[in-house]
Amino acid sequence: MRPTIARASDMPGPKRAWSVWWGDQGAIRQKGIIQYTLAPQQARAAPRWIRSYIFNFYRRVSGEAIYFTVPFAIGITIRLLRYGIYTWGKSRYEYQNSKAGHIASGAAHH
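Residues numbered from 1 in each chain as written. Predicted model: local features only at pLDDT ≥ 70, side-chain atom pairs only at ≥ 80, totals over all residues. Heavy atoms only, no water.

This part is about the overall build of the chain. In terms of regular secondary structure, the chain is built from 3 helices and 0 strands. For the chain, with 110 residues in total, the buried portion stands at 2%. Carbon together with sulfur atoms contributes 63% to the accessible area of the chain, which is approximately 11,500 Å² in total. (Helix = DSSP H or I, 4+ residues; strand = E, 2+ residues; numbered from the N terminus. Buried < 20%, exposed > 50% of the residue type's maximum accessible area, 1.4 Å probe, protein only. Areas by Shrake-Rupley, 256 points an atom, 1.4 Å probe, with all protein chains shown as cover.)

Judged by side-chain polarity, Ile66, Tyr67, Val70, Ile74 and Ile78 come together as a nonpolar surface patch covering roughly 500 Å² of accessible area. Judged by relative accessible area, which is 39%, Ile78 ranks as partly exposed. (Patch = residues over 30% accessible without salt bridge, like charges linked within 9 Å, V, L, I, M, F, W, Y side chains within 5 Å. Salt bridge = Lys/Arg side-chain N within 4 Å of Asp/Glu carboxyl O.)

Glancing now at the UniProt feature "transmembrane region" (unreviewed entry) in the chain. Residues annotated by UniProt as "transmembrane region" (unreviewed entry) correspond here to residues 65-85. For the annotated span residues 65-85, helix accounts for 100% and strand for 0% of the residues, and the straight-line distance between the end C-alpha atoms is 30 Å. (UniProt positions renumbered as here; feature names shortened; annotations may be inferred.)

Turning our eyes to something else, we now look at the environment of Arg59. Of note, Arg59 is situated in helix H2 (residues 46-96). Only 2.4 Å separates the side chain of Arg59 from the side chain of Asn56, close enough to count as a polar contact. (Polar contact = N/O pair within 3.5 Å; in protein donor to acceptor, adjacent residues only side chain to side chain.)

Residues with a pLDDT of 70 or more make up 65% of the chain, whose mean pLDDT is 79. Here helix H1 (residues 40-43) stands out as the least confident element of the chain, with mean pLDDT 70; H2 is the most confident, with 92. (pLDDT = per-residue confidence, 0-100.)

Have a look at this one:
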């Protein structure tokens, strides 16, 4: 395998390429290429962006909060109710199958 030839200022490839090496100002201007820059006033606007993002986030979340807090609260309430019923039933079942539960119900073993 042969090493590549280092070229200092020429673009690799055929000599009649349409686009030229990056940053070459002596080439023909191509159509459809648009360059955008940032104004110096906008470059210093980052603190305002951060502050507006925080307040905009709060405004948007507070407007949508009812749509996720109400179902979440209902779900938590239902789960707590189910867990309460489950623990009551389990303790009742254990009591009824204990010696004290048999004596209390009047079904003594013979």
